[in-house]
Amino acid sequence: MRGFGMLLRATFLLASLLLLGCGSPGLRLERIDSSVQKPSNNAVNLTVETEEGEPVAGLEADSFEIYEDGKLVSKHESKQTILNQEVATEHFTLLLVDMSGSVTESDDVPTIVAGASSFAERIGSVQKVAIYAFDGRNEIVPIADFTNNKGRVSNAEEKLDGFRSKDPSTNLNGAVVKALQVLDKKLARSSMPLRFGTLVVFTDGSDRAARVDRETLQEALDVTDHEVYVIGVGSEIDEDELSLIGLTDVVVQPRREEISSAFEETANRIEAMSQRYYLLGYCSPARAGEHKVRIVAKGMGTSGSLSYDFSAQGFRPNCNPEQKPSFSLTRPSK
């Protein structure tokens, strides 16, 4: 009996260890950039995701713990706060709509136009949105420039509805490359130090024009920092081809009557991903020297952290944690 009891306790201990090993995975934090300025301001723009890459939204200032050189910084002393992203950040989304012959000659145009317009209006409430169209031509066609103005979105709806394809073929690969270039130029002209681009591609088919080969497309996707989403609708779509393009997410809907829901699903995803960004500011108690700060985020029953070094040379009192951060226009290497 004694041996059986020992075996039972050992089995229980093993099961407990296995349960601990299967606990909730931690959060994944990534530093986008950090700002250090006098009198003693420290700010960091970061993202918080699960280990599976799902965005973590809704964290508040108290969800973060700040350590300097391994010691917890008092929240009362640091006055830590979540700053409005708009003080240093600008997000741009380009919606690229397939208006090749297979689309314009179908009965789906009103549904596509309505879905695209609803998407642009919704995302335009939190980002600047542009709409471009493509067919078999080498160039993509601007429908609406980057804006969050609802009136301009309505005008874009009319232009898209009246679009007439000049080449019925589908230059999907070339259109994606051109759209990435448009985003690059837009971000380069932005005065904000932190700039982010998102490309959303709607198509009902695959590349037919062969103006740009798959290798060239892949090279453009390999070097881009933009998030890329693809909405594929209809029976002619090539899922492997769309998976190559959709670096961030791919929504495939074979039923054309589900076009609106496909746009809505992608808008949900982009909104969620935009909420993973946090701009955390605090007043450092350091007054000189080099230091290591560790930011710990707690949420969803788990936690994660990131660390970076900063100099407190010349730091002094009277810090306002809501002071606008001074991020560099050049993104730091990761």
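About the thresholds
Residues numbered from 1 in each chain as written. Predicted model: local features only at pLDDT ≥ 70, side-chain atom pairs only at ≥ 80, totals over all residues. Heavy atoms only, no water. Pairing = 2+ DSSP bridges. Helix = DSSP H or I, 4+ residues; strand = E, 2+ residues; numbered from the N terminus. Axes fitted to C-alpha atoms, helices over the stretch in contact; angles between N-to-C directions. Contact = heavy atoms within 4.5 Å. Salt bridge = Lys/Arg side-chain N within 4 Å of Asp/Glu carboxyl O. Buried < 20%, exposed > 50% of the residue type's maximum accessible area, 1.4 Å probe, protein only.

Q: What is the right way to read the sheet that holds strand β11 (residues 249–253) from this model?
A: Within a sheet, adjacent strands bond to each other through the backbone by hydrogen bonds, running parallel or antiparallel. Read across the open sheet, the 6 strands follow the order β8-β7-β6-β9-β10-β11; overall the sheet is mixed. Edge positions in the sheet fall to β8 (141–147) and β11, since each of these pairs with one other strand and no more. Here the strands of the sheet are splayed against their neighbours by 10° on average, with no regard to which way each runs. Pairing between strand β10 (residues 227–233) and β11: 5 bridges, direction parallel. Paired with Val-233 across the strands is Gln-253, a residue of β11. Each of β6 (89–98), β7 (128–134) and β9 (194–203) is contacted by helix α4 (residues 109–123), which is oriented at about 180° to β6, the strand it contacts most. Against the sheet, helix α6 (residues 172–189) engages β6, β7, β8, β9 and β10, with an angle of about 160° to β9.

Q: Explanation requested: the pattern of salt bridges in the structure shown.
A: As a working rule, side chains carrying opposite charge can pair if their charged atoms are close by. Counting across every chain of the model gives 15 salt bridges. Ionic pairing is found between Arg-269 and Glu-54, a salt bridge with its closest N-O pair at 2.9 Å. Placement of Arg-269 in helix α9 (residues 259–274) and of Glu-54 in the loop between β2 (41–50) and β3 (64–68) is noted, with a sequence separation of 215 residues between them. On the basis of relative accessibility, which here comes to 18%, the residue Arg-269 falls in the buried class. Look at Glu-54 and you get partly exposed, because its relative accessible area is 38%. A cluster of three or more residues bridged by salt bridges with shared partners is formed by Arg-28, Glu-49, Glu-227 and Arg-276.

These results come straight from atomic positions and should not be treated as a statement about function.
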